[in-house]
Amino acid sequence: MIEFLWLIPLLPLAGSAINGLAGRRLSKSAISLVACGSAGLAFLAAAGVFYGLLALPPEARHIEQAYFSWIASGDFVAGAQFLLDPLSAVMLLVVTGVGFVIHIYSIGYMHAEEGYYRFFSYLNLFLFSMLVLVLAGNFLLLFVGWEGVGLCSYLLIGYYFDRTSACDAGKKAFIVNRIGDVGFVLGILLVFATFGELEFGRVFGAIAAAPSRYPAETAGIGILTAVALLLFVGATGKSAQIPLYVWLPDAMEGPTPVSALIHAATMVTAGVYMVARCAPIFSRAPIAMEVVTVVGALTALFAATIGLAQRDIKRVLAYSTVSQLGYMFVGAGVGAFASGIFHLMTHAFFKALLFLGAGSVIHALGGEQDLMRMGGLRRHLPVTHGTMLAAALAICGIFPLAGFFSKDEILWSAWAHGHPWIWALGLTTAGLTAFYMFRLVFLAFYGEERFSEDTRHHLHESPRSMTLPLVVLAVLSVVGGFVGLPAWMGLGPSRFEHFLEPAFELAVPVQAAEYSHGMEFAFAALSVAVAAAGIFLAHRVYVARPGLADEIAARGRGLYTLLFHKYYVDEAYDRVFVRPLIRSSEDVLWRALDVRLIDGAVNGVGRMVQAQAQLLKNIQNGLARSYAAWILAGGAAVLLYLAFLRG
Amino acid sequence: MDLNHYLILSALLFAVGAVGVIVRRNVISILLCIEVMLNAVNLSFVAFSRYLDQVHGQIFVFFVMVVAAAEAAVGLALAIVLYRNRRTLNVDDADIMKW
């Protein structure tokens, strides 16, 4: 099956081409068939490849397939080559699986849209780019996928291009990502300058083979630390970490399936994947790892506090995504790359589900996104309510749902690898997560109905094509964690981690302190208790005493406004970066450089030619006799020259 | 009468014709002056033909005569068109072909 690896990204590309070129003339059902068919077939192919990989012994699970040489210039060679190992195999399944489910959901959600074919063409193109990203066997191809998903993200955020806010959000996402990409490209260039290679296998092999040349840089900043930090700058852009997280909440302007697929489940996790892929570099750069950990933990806490006070259902989920991505970076940063990827996978399930559930709510309410105008929906939308409840419990980390295992794994790794403060931050975030997530659930589905009578008439549970994906993802959110049961349960070491081991064999393992299983169990119990406390508190505030929330907000007015306005970060960025840039562009680049220098030079040349022509034009005066005189004078001059000067 | 006499006469005739082309304003006069210039050249050809005892020069003269006839036909036609359009034979009034 593994030889069909190339088919996996090519199927969505074909679907995108068909819908993009001929979609205008196709019926909606044909468009859906092409889009979902290609995504579904890609998923089947990915599953086949996955089983092919499982059949191999663990040492052999590293397969490189080169298809053609893409760039060959002197010493520099970059091929179109794919790398299949446990890490990319897990990503393959997550991307195609969740992607397929969301394609199905989109049929129902987008059925009334004008640019139906455009939407599915972009969505398939996104799948293609994402699959190139996770399968890439060298840094350059990874970058191609990296930019491809960025492009699709831009196109899909700006899907409603007649809305100014959507266009602005798309541009913001694109520009903020460009800032991160500067670091990413510099990192790739530094890799090439150092190793003369961009292939993952050879670069990591070179590092592992020469421990004297590339030691673990504990003392100071060496070349590996520089590479790791530059690559991480790219990751902060793509994966929405401090300080470049600002684009993700605005990206919610796109259609909800896009938020679920691109801005929750897959694309934004590309940074985590990249860090895990470059584990051999990162694990030898403790300073970079420290940066990753601290940025991740701070982002997790920071975004969670903003999520407490947002009123837009999708924005709450967006900040939750930023926060959960922070967790994944904490996992990678403390050296537990497998736990970061584990959380990536479970998060893809429950966060996609949360977004799709939110989409179902928005769909039912005719476009309403304000939590304050919902309430009591559980009677009207039973399936959406049930599945979202499962997802919310999963993200809170309630035993035995998927989020419990992955989040607990990360928190435990943080503690065991000697980062008690990071663990404390993570635990606090877990409590906040439980609170704001159940605030969302209670405000939307419980309490009194706060929507208008008019909306009430249109209320309906979503069609089958939308509820079925919800149920599938709910099942995954519940059982998805069982692939990585922790060791303290007495069933042996985590199977998920064991499966991923070959992908990280070139990384330097972190020295973990030895703790008893009882201690691990106690920590797990503690984090469940914190999550339960968060849920209980949310219940007290939003269900038991509905007026309490406003009372608290009124008492802590300053803090509440600060959180409601997202710490004024957008305003600060606007003041410090955006407006000075615009002003200098207008005053210096436009009025001085462009108008004066460039336009001046061009117009000056024109005026000079004109002035000379003013003199010369007098010769052409239209008088035949003067022309005759000139001819005669010319002839005479030639004669004189021939007769006297030429000798 | 040696060759030089013919050549001097020819040069004088040519100069008279050339000055006439430049100085005169009437189209007919200019055409006549051009004829004078052509015939000055013919005189040189014939003189050289006789002096060198070769027939080439005389053949050239026939060519020049043919061209002169054609030129006269075209030139006079132009003069008529000019007069019809602008009611004048003064070339300085036909100066609209300029910048």
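These figures come from a predicted structure and were not determined experimentally.

**Student:** Run through the overall build of chain B, naming residues and quoting values.
**Tutor:** Summing up its helical and strand segments, chain B has 3 helices and 0 strands in all. The N-to-C order of helical and strand elements in chain B reads α-α-α. Oriented by its inertia axes, the alpha-carbon framework of chain B measures out at about 50 × 25 × 25 Å. Expressed as a percentage of the 99 residues in chain B, the buried residues total 11%. Pairs at least 24 residues apart make up 47% of the contacts formed inside chain B by residues separated by at least 6 positions.

**Student:** Requested: an account of the overall build of chain A, with residues and values cited.
**Tutor:** Regarding its fold elements, chain A presents 26 helices and 2 strands. C-alpha extents for chain A along the principal axes are approximately 120 × 70 × 50 Å. Buried residues in chain A amount to 50% of all 647 residues. Relative to all contacts within chain A whose residues are 6 or more apart in sequence, the contacts with residues 24 or more apart total 81%.

**Student:** So what's going on with helix 11 (residues 270-277) of chain A? Which residues, and what values?
**Tutor:** Extensive coverage of helix 11 of chain A is indicated by the burial of 8 of its 8 residues. Those residues of helix 11 of chain A not exposed but buried are Ala270, Gly271, Val272, Tyr273, Met274, Val275, Ala276 and Arg277 of chain A.

**Student:** Let's hear about the pairing of strand 2 (residues 76-84) of chain A: which residues, and what values?
**Tutor:** Residues and elements named next belong to chain A. In the sheet, strand 1 (residues 63-73) pairs with strand 2 via 9 bridges, with the strands oriented antiparallel. The residue bridging Ala72 from the neighbouring strand is Val77, located in strand 2. The turn joining strand 1 and strand 2, which pair antiparallel and follow one another in sequence, is formed by 2 residues; a positive phi near 65° is taken by Gly74.

**Student:** Residues and numbers for the confidence of the model for chain B, please.
**Tutor:** On average, residues of chain B score 92 in pLDDT, and 99% of them reach the 70 mark or higher. On the interface metric, ipTM, the complex scores 0.88, and its pTM is 0.82.

**Student:** Help me get a handle on helix 6 (residues 164-195) of chain A, residues and values and all.
**Tutor:** Residues and elements named next belong to chain A. Along its 32 residues, helix 6 runs 46 Å from first to last C-alpha, staying within 8% of the 46 Å computed at 1.5 Å per residue. At Gly180, helix 6 shows its maximal bend, which comes to roughly 30°. Listed as buried for helix 6 are Ala166, Ala169, Gly170, Lys172, Ala173, Val176, Asn177, Gly180, Phe184, Gly187, Ile188 and Val191.

**Student:** Could you give an account of the interface of chain B and chain A, with specific residues and numbers?
**Tutor:** Taken together, the contact pairs 10 residues of chain B with 10 residues of chain A. Taken together, the residues of the side of chain B that touches chain A sort by class into 7 nonpolar, no polar and 3 charged.

**Student:** Which residues make up the environment of Trp247 of chain A, and what values go with them?
**Tutor:** Residues and elements named next belong to chain A. Relative to the helices and strands, Trp247 is located in helix 9 (residues 247-250). A tally of 24 C-beta atoms within 10 Å means that Trp247 is categorised as buried. Put simply, Trp247 and Asn177 are 70 residues apart on the chain and 8.3 Å apart in space, counted from C-alpha to C-alpha. Once residues within four sequence positions are removed from consideration, Trp247 is found in contact with Lys172, Ala173, Val176, Asn177 and Ala240.

**Student:** Tell me about the packing of helix 15 (residues 337-364) of chain A against helix 17 (residues 402-416) of chain A, and please be specific about residues and values.
**Tutor:** All names here are of chain A. Contact pair helix 15 / helix 17: the axes reach a minimum separation of 9 Å and the direction vectors enclose 150°. With respect to helix 17, the element helix 15 is oriented roughly antiparallel. Relative to helix 17, the crossing made by helix 15 is left-handed. Here Ser339, Gly340, Phe342, His343, Thr346, Phe349 and Phe350 of helix 15 come into contact with helix 17, specifically with Ala402, Gly403, Ser406, Lys407, Glu409, Ile410 and Ser413. Tallied by class, the residues present in the contact of helix 15 with helix 17 amount to 5 nonpolar, 7 polar and 2 charged.

**Student:** I'd like a rundown of unusual backbone geometry, residues and numbers included.
**Tutor:** Residue and element names in this part refer to chain A. Between Ile242 and Pro243 the backbone carries a cis peptide bond, its omega angle lying at 5°. Along the chain, Pro243 falls in the loop between helix 8 (223-238) and helix 9. The peptide bond linking Phe399 to Pro400 adopts the cis configuration, its omega dihedral lying at 0°. By secondary structure assignment, the location of Pro400 is in the loop between helix 16 (382-396) and helix 17. Of note, Ala240 is a non-glycine position whose phi angle comes to about 55°, a positive value. Here Ala240 lies in the loop between helix 8 and helix 9.

**Student:** I'd like to hear about the packing of helix 2 (residues 27-52) of chain B against helix 3 (residues 56-86) of chain B, residue by residue, with values.
**Tutor:** Residue and element names in this part refer to chain B. One can describe the packing of helix 2 onto helix 3 by two numbers: an axis separation of 9 Å at closest approach and a directional angle of 175°. Between helix 2 and helix 3, the angle is such that the two are roughly antiparallel. Taken together, the residues of helix 3 that come into contact with helix 2 (itself represented by Val27, Ile28, Leu31, Glu35, Leu38, Val41, Asn42, Phe45, Val46, Phe48 and Ser49) are His56, Gly57, Gln58, Phe60, Val61, Val64, Ala68, Ala72, Gly75, Leu76, Ala79 and Leu82. When the residues that make up the contact of helix 2 with helix 3 are grouped by side-chain class, the tally is 16 nonpolar, 6 polar and 1 charged.

**Student:** Can you lay out the environment of Glu199 of chain A for me, pointing to particular residues and giving the numbers?
**Tutor:** All names here are of chain A. Within the secondary structure layout, Glu199 lies in the loop between helix 6 and helix 7 (200-209). As a C-alpha pair, Glu199 and Leu141 span 58 residues in sequence and 9.4 Å in three-dimensional space. Excluding residues that lie within four positions of it along the chain, Glu199 makes contacts with Gly137 and Asn138.

**Student:** Tell me about the environment of Leu189 of chain A, and name the residues and values.
**Tutor:** On the secondary structure map, Leu189 of chain A appears in helix 6. Once the C-alpha coordinates of Leu189 of chain A and Thr467 of chain A are considered, the two residues, 278 residues apart in sequence, prove to be 46 Å apart.

Calculation criteria
Residues numbered from 1 in each chain as written. Chains lettered and ligands numbered in written order. Predicted model: local features only at pLDDT ≥ 70, side-chain atom pairs only at ≥ 80, totals over all residues. Helix = DSSP H or I, 4+ residues; strand = E, 2+ residues; numbered from the N terminus. Buried ≥ 20, exposed ≤ 12 C-beta atoms within 10 Å, placed from the backbone. Contact = placed C-beta atoms within 7 Å. Pairing = 2+ DSSP bridges. pLDDT = per-residue confidence, 0-100. Expected span 1.5 Å × (residues − 1). Bend = angle between axes of the 7 residues up to and from the residue. Nonpolar A, V, L, I, M, F, W, Y, C, P; charged D, E, K, R; others polar. Axes fitted to C-alpha atoms, helices over the stretch in contact; angles between N-to-C directions. Parallel < 35°, antiparallel > 145°, perpendicular 65-115°, else oblique. Left-handed = near helix turned anticlockwise from the far one by under 90°.

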